[in-house]
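Below, each chain spelled out in residue letters.
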Amino acid sequence: SVMTYCMNRILIEFSSTATAVFGVYFKLQSFFFMPVFGLNNGITPIIAYNYGAGQRKRMLKTIKLSMLVAFCLTFIGFIMVEGFAIFQLFPSTLLGLFDASETMLAIGVPALRIIGIHYLIAWFCIVSGTVFQALGKAFFSMIVSIMRQLFVLIPAAYILAKLGGLH
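Conventions and cut-offs
Residues numbered from 1 in each chain as written. Predicted model: local features only at pLDDT ≥ 70, side-chain atom pairs only at ≥ 80, totals over all residues. Heavy atoms only, no water. Helix = DSSP H or I, 4+ residues; strand = E, 2+ residues; numbered from the N terminus. Polar contact = N/O pair within 3.5 Å; in protein donor to acceptor, adjacent residues only side chain to side chain. Contact = heavy atoms within 4.5 Å. Patch = residues over 30% accessible without salt bridge, like charges linked within 9 Å, V, L, I, M, F, W, Y side chains within 5 Å. Areas by Shrake-Rupley, 256 points an atom, 1.4 Å probe, with all protein chains shown as cover. Salt bridge = Lys/Arg side-chain N within 4 Å of Asp/Glu carboxyl O. Buried < 20%, exposed > 50% of the residue type's maximum accessible area, 1.4 Å probe, protein only. Expected span 1.5 Å × (residues − 1).

Quick look at the side chain of threonine 130 now. You can see threonine 130 is positioned in helix α7 (residues 119-134). Of the polar contacts made by the side chain of threonine 130, one reaches the side chain of asparagine 40; its length is 2.9 Å. Apart from residues lying up to four places away in sequence, threonine 130 is in contact with Asn40, Ile43 and Thr44.

Let's shift gears to a nonpolar patch on the surface. A cluster of nonpolar residues, Phe139, Phe140, Met142, Ile143, Met147, Phe151 and Val152, forms a patch on the protein surface that exposes about 710 Å² of accessible area. Residue position: phenylalanine 151 is located in helix α8 (residues 138-164). Overall, the relative accessible area of 55% leaves phenylalanine 151 in the exposed class.

Here the focus is α7. For α7, which comprises 16 residues, the first-to-last C-alpha distance of 23 Å matches the rise-based estimate of 22 Å (1.5 Å per residue) to within 8%. Those residues of α7 lying buried are Tyr119, Ala122, Trp123, Ile126, Val127, Ser128, Gly129, Thr130, Val131 and Ala134. As for α7, its buried residues are in contact with α2 (16-52), α3 (56-75), α4 (79-89) and α8. Looking one or two residues beyond α7, the residue adopting positive phi is glycine 136, at roughly 75°.

So, in structure tokens, the structure goes:
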């Protein structure tokens, strides 16, 4: 929520349409991330149980397998690659689902193409955070998320907005 608020504060300096594009992206990303989030919901209790039971070997096997499955969902199952490709090839169609104006298309098409690149690595970040939580290290997961969103993403967006404008 803090990241979204900050990003909207940066984007509103350009236009309300820029913030609308960010909102559209946020809604669309959930569709492609769902399979990886579903995987997380399955692995959390398995990792946590084996960690608590002292079954290190089973716990590590589950972590490795979950990373492999998330990788496969991305590159073999094409879930995240599909998201990447759709964001690259059909951004105007995606924006059209939200009754995009010409201004929204002008802002949104390049934005979705740029943002879509992260789909290829997002699986690792998502599963890693879940592993930390399952191991009772939720604080590390929170720190990684805060660092990524508030100390890297927001300053980078702010600096790039000041240097390069909306694009």
